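Understanding the architecture of this molecule
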Amino acid sequence: EPEVTQTPSHQVTQMGQEVILRCVPISNHLYFYWYRQILGQKVEFLVSFYNNEISEKSEIFDDQFSVERPDGSNFTLKIRSTKLEDSAMYFCASSDREGLWQPQHFGDGTRLSIL
Amino acid sequence: DQQVKQNSPSLSVQEGRISILNCDYTNSMFDYFLWYKKYPAEGPTFLISISSIKDKNEDGRFTVFLNKSAKHLSLHIVPSQPGDSAVYFCAASGRFGNEKLTFGTGTRLTIIP
């Protein structure tokens, strides 16, 4: 069964450094998302992306965050200057909305640790 | 922001019995409801969904019930198996499939052999 893949599985970065999290969504999917889960908290929406532009973003997704689909397969989340509170699990998801409503499918996540 | 709530952080059920996980929501604009299962070190795995125009959806051992007037949904797992031990998240979205998901805090289900 096709799946969403994320790399790296764990990223350790010094505070203030830039970090790029990578995702390869399911190949025929059209909608792409980033969510995060801070330890002990719920999964929170960050941003959705369709047709090479952001569809919706949350309050968390401030100017330090950006997303890009640099080619036909990858979908990246960049945090420009990381803060301690950015430490979390980051999940990429994708969905195919052709025809009927479709659920979002998630990758296994990247654990981001900011020191 | 407590639009989707799972009030039971944990649940233990004997193998072979029924597991019932509950979820409440407050936003009347939600149109689709989903259940995800999550093992440690893995991402959420889609289990089953239900549209707001239905009150029940069944897939094998999993059944989701929706009570719109009470803004309540539940996931029934029958019979429960040891592999069902995981964290279960309830999530909701608007009517368009590309809309964001709003998650509950999760319920850790433990199946006792």
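Structure's up top.
Residues numbered from 1 in each chain as written. Chains lettered and ligands numbered in written order. Predicted model: local features only at pLDDT ≥ 70, side-chain atom pairs only at ≥ 80, totals over all residues. Heavy atoms only, no water.

Notes on the pairing of strand β4 (residues 32-38) of chain B
For a regular strand, the rule is simple: side chains alternate between the two faces of the sheet. Residue and element names in this part refer to chain B. What counts here: When a residue's accessible area, from a 1.4 Å probe over protein chains only, is under 20% of the maximum for its type it is buried; when over 50% it is exposed; and in between it is partly exposed. Each helix corresponds to a stretch of at least 4 residues labelled H or I by DSSP, and each strand to a stretch of at least 2 residues labelled E; elements are numbered beginning at the N terminus. A pair of strands is labelled paired if DSSP reports no fewer than 2 bridges between them.
Among the 7 residues in β4, 7 count as buried, and that is most of the element. Of the two faces of β4, the one lined by Y32, L34, Y36 and K38 and the one lined by F33, W35 and K37 are each fully buried. Of the strand pairs in this sheet, β4 and strand β5 (residues 45-51) are connected by 6 bridges, and their pairing is antiparallel. Residue F33 lies in a different strand from β5, and its bridge partner there is I50. Taking the residues that link successive antiparallel strands as the turn, the β4-β5 hairpin has 6 residues, and the phi of A41 there is positive, at about 65°. Bridging between β4 and strand β9 (residues 86-93) involves 7 bridges; their strand directions are antiparallel. Residue L34 lies in a different strand from β9, and its bridge partner there is A91.

Section: the sheet that holds strand β8 (residues 75-79) of chain A
Residues and elements named next belong to chain A. The test is simple: Geometry is summarised by axes, namely lines fitted to C-alpha atoms with helices restricted to the contacting stretch, and by angles between N-to-C directions that run from 0 to 180 degrees.
Strand order across the open sheet formed by 4 strands is β1-β3-β8-β7, with antiparallel pairing between neighbours. Looking at the sheet topology across the chains shown, the edges are occupied by β1 (5-7) and β7 (65-68). Taken pair by pair, the neighbouring strands of this sheet meet at an average axis angle of 20°, ignoring direction. In this sheet, strand β3 (residues 19-24) lies alongside β1 in antiparallel orientation, the contact comprising 3 bridges. Looking at the pairing, Q6 lines up with C23 of β3.

Let's talk about the state of the cysteines
All names here are of chain A. Applied cut-off: Disulfide assignment relies on a single distance test, namely cysteine sulfur atoms paired within 2.5 Å.
Tallied over the full model, the rule gives 2 disulfides over all chains. Disulfide pairing places C23 opposite C92 at an S-S distance of 2.0 Å. Handedness of the C23-C92 disulfide follows from its S-S torsion of about -65°: it is left-handed. Here C23, found in strand β3, pairs with C92, found in strand β9 (residues 88-95); they are 69 residues apart in sequence, far enough to count as distant. Each member of the pair, C23 together with C92, is buried.

Observations regarding the environment of M89(A)
Heads up, the condition is: We call two residues in contact when some of their heavy atoms are within 4.5 Å.
Structurally, the position occupied by M89(A) is in strand β9. Excluding residues that lie within four positions of it along the chain, M89(A) makes contacts with Y35(A), R36(A), Q37(A), D108(A), G109(A), T110(A) and R111(A).

Structural notes on the interface of chain B and chain A
Selection criterion: A 1.4 Å probe defines the accessible area here, and the buried area is the portion of it lost by two parts on being joined, summed over both. Whenever Lys or Arg places a side-chain nitrogen within 4 Å of a carboxyl oxygen from Asp or Glu, that contact is recorded as a salt bridge. Any pair of N or O atoms that falls within 3.5 Å is considered a polar contact. Within protein, one atom must be able to donate a hydrogen and the other to accept it, and sequence-neighbouring residues count only if both atoms are side-chain atoms.
Counting from both sides, the interface comprises 25 residues of chain B and, opposite them, 19 residues of chain A. Carbon and sulfur atoms supply 61% of the area buried between chain B and chain A, which totals about 1900 Å² over both sides. Across the contact surface, chain B and chain A share 1 salt bridge. K100(B) is the salt-bridge partner of E56(A), the closest N and O atoms lying 3.6 Å from each other. Here chain B and chain A share 6 residue pairs in polar contact (both at pLDDT 80 or more) between them. Elements supplying a minimum of two residues to the side of chain B that touches chain A: β4, β5 and β9 of chain B. Broken down by element, the side of chain B that touches chain A gets its largest block of residues, 4 residues, from β4(B).

As for the pattern of salt bridges
A side chain of one charge can pair with a side chain of the opposite charge when the charged atoms of the two come close. Scanning the model with the defined rule gives 5 salt bridges over all chains in all. A salt bridge links K83(A) to D62(A); the shortest N-O distance between them is 4.0 Å. Of this pair, K83(A) sits in the loop between β8 and β9 while D62(A) sits in the loop between β6 (53-57) and β7, and the two are 21 residues apart along the sequence. Look at K83(A) and you get partly exposed, because its relative accessible area is 31%. Notably, a salt bridge pairs E58(B) with K56(B), separated by 3.9 Å at the nearest N-O pair. Its relative accessible area of 44% is what places K56(B) among the partly exposed residues.

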